[in-house]
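Coordinate analysis (summary)
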Amino acid sequence: MIKNKKNIEDILVILKSLFPETKTALRYSNPFELLIATILSAQCTDKQVNAVTPKLFNLFPTPLKLSKATILEIEELIRPTGFFHNKAKNIKNCSLYLVENYNGIVPNTLEELIKFPGVGRKTANVILGTVFGIPGIVVDTHVIRISNRLKLSENKDPTKIEFDLMNIIPREEWSSFSLRLIFLGRTLCKAQRPLCSKCNLYNLCEYPKE
Ligand code: SF4
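It is worth spelling out the overall build of the protein at this point. For the protein, the count of helices and strands is eleven helices and zero strands. Reading the helices (α) and strands (β) of the protein from amino to carboxyl end gives α-α-α-α-α-α-α-α-α-α-α. In summary, the protein has a C-alpha radius of gyration of 18 Å against a globular reference of 17 Å for 210 residues, a match within 12%. Seen through its C-alpha atoms, the protein measures out along the principal axes to roughly 55 × 30 × 30 Å. Considering only contacts in the protein between residues 6 or more positions apart, those separated by 24 or more positions represent 58%.

What follows is the structure, encoded as structure tokens:
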């Protein structure tokens, strides 16, 4: 159930004024690099990802070359991003899948992208919105938390939240809206002790009154 639907237009306006720019901080020069950077960004800051990707892409600049790297080689390069065993395995398998099924060209549909190893709806929607300009709601831990606090969704499941938000946010705003919630989550609406008194959404949000 969506309790705060009536305020969605005001929420969108305030979010836009707070975060006019919605460019990803991840550095990439083609869809393949963004795919790998997004896999690396799980449980890790964009800054840390940007610190390891130049060397990774320099040594293995194509899907074919990265698919031929050993897991150990990848692990050594991406170690600072955390969860590096899993990420290295996913990066190698993802590159291999891309080479074998798409001749190294990243596809531009959600249905295709979610079949890649290590790629879920969240990563797929990042790729679609960022490099292909196809709107998608990206549901990460910040979007889950803030959607619940703002009563835009009462669900905890990311896919259900994605569909709740798709129902109330204009399609062309899907990608930018999710990025703005992520920025809000990193700055004001933190998991522990959100800075509600400093938040322009205060009057539209039930959380501080609970
Ligand atoms: S008022 Fe508080 S809980 Fe609501 S969106 Fe702002 S920071 Fe988050």
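A few words on the site of the ligand. Around the ligand lies a shell of 14 residues, among which C189, C196, C199, C205 and Y207 are the nearest. Its residues assigned to classes, the shell around the ligand shows 13 nonpolar, no polar and one charged.

This part covers unusual backbone geometry. Across the chain, the bulk of peptide bonds are trans and the bulk of non-glycine residues have phi less than zero. The backbone phi angle of F83 is positive, close to 45°, even though this residue is not glycine. Considering the arrangement of structural elements, one finds F83 in the loop between α5 (71–78) and α6 (84–102). Non-glycine residue N103 carries a positive phi angle of around 55°. Along the polypeptide, N103 turns up in the loop between α6 and α7 (110–113).

This next bit is on helix α3 (residues 46–59). The terminal C-alpha atoms of α3, which comprises 14 residues, lie 20 Å apart, in line with the 20 Å expected from a rise of 1.5 Å per residue. Its maximal kink placed at T53, α3 deviates by approximately 35°, while the proline P54 follows within four residues. Here α3 has its buried residues at V49, T53, L56 and F57. Where α3 is buried, its residues touch α2 (31–40) and α5.

This part takes up the packing of α2 against helix α8 (residues 121–131). In the contact formed by α2 and α8, the axes pass within 10 Å of each other and the chain directions differ by 145°. Remark: the crossing between α2 and α8 carries right-handed chirality. Contacts between α2 and α8 involve P31, L34, L35, T38 and I39 from the former and T123, V126, I127, T130 and V131 from the latter. Across the contact of α2 with α8, the residue classes tally to seven nonpolar, three polar and no charged.

On to the domain arrangement of the protein. Splitting the protein by domain gives domain 1 (5–22 + 136–209) and domain 2 (31–131). Just the C-alpha atoms count here: the centres of domain 1 and domain 2 sit 27 Å apart. Taken together, the nine residues of domain 1 in the interface contact seven residues of domain 2. Among the elements that take part in the side of domain 1 that touches domain 2, helix α10 (residues 158–168) stands out by supplying three residues, more than any other. Among the residues forming the side of domain 1 that touches domain 2, the class breakdown is four nonpolar, three polar and two charged.

Quick look at α10 now. Turn by turn, an α-helix covers 3.6 residues, leaving residues three or four places apart pointing in a common direction. Those residues of α10 that sit buried are I161, E162, D164 and L165. Along α10, the residues classed as buried sweep out an arc of 165° about the axis, all on the same side. Exposed residues on α10 whose side chains face more than 90 degrees from its buried face are T159 and N167. Taken together, the buried residues of α10 touch α8 and α9 (141–149).

We now examine the nonpolar core. Grouped together as the largest cluster of nonpolar side chains are 47 residues, with contacts concentrated most on L35, I36, I78, I91, C94, I127 and V143. Shared between two domains, this core takes at least three residues from each, and those domains are domain 1 (5–22 + 136–209) and domain 2 (31–131).

Examined against the element boundaries, K89 turns out to sit in helix α6. For K89, a count of 15 C-beta atoms within 10 Å puts it in the partly exposed group. It is 32 Å that separates the C-alpha atoms of K89 and Q192, two residues lying 103 residues apart in sequence.

Rules used throughout
Residues numbered from 1 in each chain as written. Predicted model: local features only at pLDDT ≥ 70, side-chain atom pairs only at ≥ 80, totals over all residues. Helix = DSSP H or I, 4+ residues; strand = E, 2+ residues; numbered from the N terminus. Rg over C-alpha atoms; globule rule 2.2 N^0.38 Å. Contact = placed C-beta atoms within 7 Å. Near = placed C-beta within 6 Å. Nonpolar A, V, L, I, M, F, W, Y, C, P; charged D, E, K, R; others polar. Expected span 1.5 Å × (residues − 1). Bend = angle between axes of the 7 residues up to and from the residue. Buried ≥ 20, exposed ≤ 12 C-beta atoms within 10 Å, placed from the backbone. Axes fitted to C-alpha atoms, helices over the stretch in contact; angles between N-to-C directions. Left-handed = near helix turned anticlockwise from the far one by under 90°. Domains from an automatic or database assignment. Arc of directions from axis to C-beta. Core = buried A, V, L, I, M, F, W, Y, C linked by C-beta atoms within 7 Å.

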